[in-house]
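# Breakdown of the fold
Here are the chains, one letter per residue:
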Amino acid sequence: MGPDQFDETVSLDPEFVAASTLVEIQITGLNQPDHKGNKLGNTLVGRNLVLDKLTQKGNILEITQSYQQDSIQLTVVTTLIKDPNAEVFTWQHVTTNQGKEIGLEYVTTLNVIGLNNGAIYHRYSEDVLYIPHNSWQGELQWRHQTLKEYGLEYCLDGEKLQDATKVVEVTNETSWSCSQFSPMGVVYSPHLDQTTFWQIEHNGEWHWELTDAGFGKYLAIRAGGPTEPTNHWWKKLQNGEQFTTIPVAYGVIKGSFEQAMQQLTTHRRDIRRNNQDNQKCPVIFNDYMNSLMGDPTTAKELPMIDKAAQIGCEYYVVDCGWYSDGYWWDNVGEWLPSKERFPEGIEFLMNYIRDKGMVPGLWLEIEVMGINSDFANSLPDEWFICRHGERIRDHSRYHLDFRHPDVRSYATSVVKRLVDEYKVGYIKMDYNTPTGIGSDIQTDSFSDALLQHNRAYLAWLDEIFTAYPELIIENCGSGGMRHDYQMLARHSIQSVTDQTDYLRNGAIAAVSATAVTPEQAAIWSYPLQDGDTEEVIYNMINAMLFRIHQSGHLAELCDERLALVAEGITTYKTFREVIPTSQPVWYTGLPHLDDEWFTCGLETSEAIYLAVWRTNSLQNHFDIPLPTPITSVKLLYPQKDQKTQYLYTSQQLSVYFPDNKMARLYKLQK
């Protein structure tokens, strides 16, 4: 990345150079001279920025540019940080206004022209775009098509004098950062075997778009936070004020989608807060899924605690409902334990968990209060997200505005009480109700209020982790609706999905490492009350390559099925130490909901831990190609198996599962 790496003899296409701005900035009132439609870019400021200084310190490149026209005067500092262990650069810009007051309509973070260009000529419209779709209970469903199939044509203007107006774009418009899509994308060139990928690192609104540039000859990406055209974001910048864009990670590699995901896995580990949880991968029991389902009492918990300790769980989390005598959804906010549910006090239950050798935890949803909470209704409106003079009510909740210092202080007091008084070592922090488009209190735009709120919440989280560095706070947003890497750079564990169908839960688990590192990906394992042994095995394998979130009515399982749960946890503990340094592999392609067969593996320098699932298929046999030669195969779980069979060569594993709804975990030695 140093000056010695630049070859001054290389001749660049003038149209490529003209289109290659580092940042696009649109200021209210300035002309946009080109025929561009809905595109971001081709701005007067972007194309007229003048290089002032370029400095490099280690892996950080800093580029300072300036713009001056009449009374508008800006300085823009672009920072590119090279990940020391991955082929990833993180982009960010700081814009300083040194002239008259201006209105910012957008500042792009990532602005790259010529994606997947190479020595072999090809039309970028033939490249393949991968987009991860999300829904509650349907996270990370990747779809891919060529850019032409998405509607982006190559060099559309017959006179070759203008760019097209078409964009392929994804926009997030709420505080659920992964509401409809994960904040990332991948473009693969089959002609070059080259992959470009990006990850927007923000816990709120964001936007990316692919389009053409250089009169249609080049593929361009622009990505970043909210903008006025896409999110109605607008910000007034006074003289001397600065605006910092949200960071975007970007990389280009020789290789496939899978190799791009491995680069991102390394990058995610590198930017994450250092913590012991991701090194040790302790087993967590949570009383919610297909178990108490938000209706805890001391009487119900005690036998479950006993069984959780018996099978080897290391944390025990009491999920929602502990703070209310009955129906609680619309009256949350004070977070005081119910005396009716816990007549001995919540402290008794927390101490009982510790006496059984486990660390206790509680569920919390600190960002909301219920509309029927007397406490919430006694507070000033300034504590909440408001629009048009009214608090926003969504799904019977108000949403707290973390820009307000009293909100942050109150949230801190709740966490302090749980940790210092109740002695919890784990908080499941849920987030079921997003903000919508933002607030109109003390702001230039709804969207900018939301951006400030998002950043204030992150700053509050940083304070909490500084005060309680050993505290584990799980990131949950109705499952996986907020699995971005501003949140996950802080939280050590992410609830991937709320999917209650264990077959579909396996498919989501198997693809989870495309967005979350395996050691952060909490996957439910919830044996059913009326299931059989194969259902228990399937449930356990769903979680065993990631973080086991054990649940289910353990106290009501028969001895045989409970023993299979315990065996799964014991087996997991024999190899979990390699999970934090492993890389995900998908030898049979990316899994999707309702696939008949699918696989997922974790590869280390010495072995591959491979899970194989069969849901509902007419085929009893399944062949798995192995790009890495192997020397032996061992069935890890279950240890006793009279039903399935497998054969292998150095480059293929063939399995026989006689029935539907079966799964097995293998260790493939290199």
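The present account deals with the structure reproduced in this document. Just so it is clear, the structure is predicted and the values come from calculations on it, not from any experiment.

Analysis parameters
Residues numbered from 1 in each chain as written. Predicted model: local features only at pLDDT ≥ 70, side-chain atom pairs only at ≥ 80, totals over all residues. Heavy atoms only, no water. Axes fitted to C-alpha atoms, helices over the stretch in contact; angles between N-to-C directions. Helix = DSSP H or I, 4+ residues; strand = E, 2+ residues; numbered from the N terminus. Parallel < 35°, antiparallel > 145°, perpendicular 65-115°, else oblique. Contact = heavy atoms within 4.5 Å. Nonpolar A, V, L, I, M, F, W, Y, C, P; charged D, E, K, R; others polar. Core = buried A, V, L, I, M, F, W, Y, C linked by side-chain atoms within 4.5 Å. Buried < 20%, exposed > 50% of the residue type's maximum accessible area, 1.4 Å probe, protein only. Pairing = 2+ DSSP bridges. Phe/Tyr/Trp six-rings, centres within 6.5 Å; stacked < 30°, edge-to-face > 60°. Lys NZ or Arg CZ within 6 Å of the ring centre and 35° of its normal.

## Here's the deal with the packing of helix H8 (residues 298-311) against helix H9 (residues 346-355)
- One way to put it is that H8 packs onto H9 with a least axis distance of 10 Å and a crossing angle of 10°. One way to sum up the angle between H8 and H9 is to call them roughly parallel. Residues Thr-298, Glu-301, Leu-302, Ile-305 and Asp-306 of H8 form the contact with H9, whose own contacting residues are Phe-348, Leu-349, Tyr-352 and Ile-353.
- Partitioned by chemical class, the residues of the contact of H8 with H9 number six nonpolar, one polar and two charged.

## Considerations on the nonpolar core
- Residues Trp-322, Trp-335, Ile-366 and Trp-460 are the most contacted members of the largest nonpolar core, which totals 126 residues.
- Not counting chain neighbours up to four residues away, the residues in contact with Trp-460 comprise Ile-366, Phe-402, Arg-408, Ala-411, Thr-412, Val-415 and Met-429.
- Core analysis: the next-biggest nonpolar cluster, separate from the first, contains 45 residues, Leu-80, Leu-147, Trp-198 and Ile-221 among them.

## Looking at the sheet that holds strand E6 (residues 102-107)
- On the basis of which strands lie adjacent, the open sheet formed by three strands has the order E1-E6-E15 and antiparallel pairing. In this open sheet, the two strands that pair with only one neighbour each are strand E1 (25-27) and strand E15 (235-237). When strand polarity is set aside, the average angle formed by the axes of neighbouring strands in this sheet is 45°.
- Here E6 runs beside E15; their pairing, made up of three bridges, is antiparallel. Within E15, the residue paired with Ile-102 across the bridge is Leu-237.

## Looking at the packing of aromatic side chains
- Per the stated rule, a full pass over the model turns up 30 aromatic pairs.
- Aromatic side chains Tyr-323 and Trp-335 sit 5.0 Å apart centroid to centroid with 80° between the ring planes, which places their arrangement in the edge-to-face category. One end of the pair, Tyr-323, is in the loop between strand E19 (315-318) and H9; the other, Trp-335, is in the loop between E19 and H9, with 12 residues separating them in the sequence.
- Overall, Tyr-323 belongs to the buried group, its relative accessible area being 11%.
- Grouped by ring-pair contacts, the aromatic residues Trp-322, Tyr-323, Trp-328, Trp-329, Trp-335, Trp-363 and Tyr-422 constitute a single cluster.
- Lying over the aromatic face of Trp-329, Arg-397 brings its terminal NZ or CZ to 3.5 Å of the ring centre.

## Regarding the side chain of Gln-65
- Mapped onto the secondary structure, Gln-65 falls in strand E3 (residues 60-69).
- With relative accessibility at 10%, the residue Gln-65 sits in the buried group.
- Among all residues touching Gln-65, those that are not within four sequence positions of it are Leu-22, Val-23, Leu-49, Val-50, Leu-51, Asp-52, Leu-74, Thr-75, Val-76 and Thr-78.

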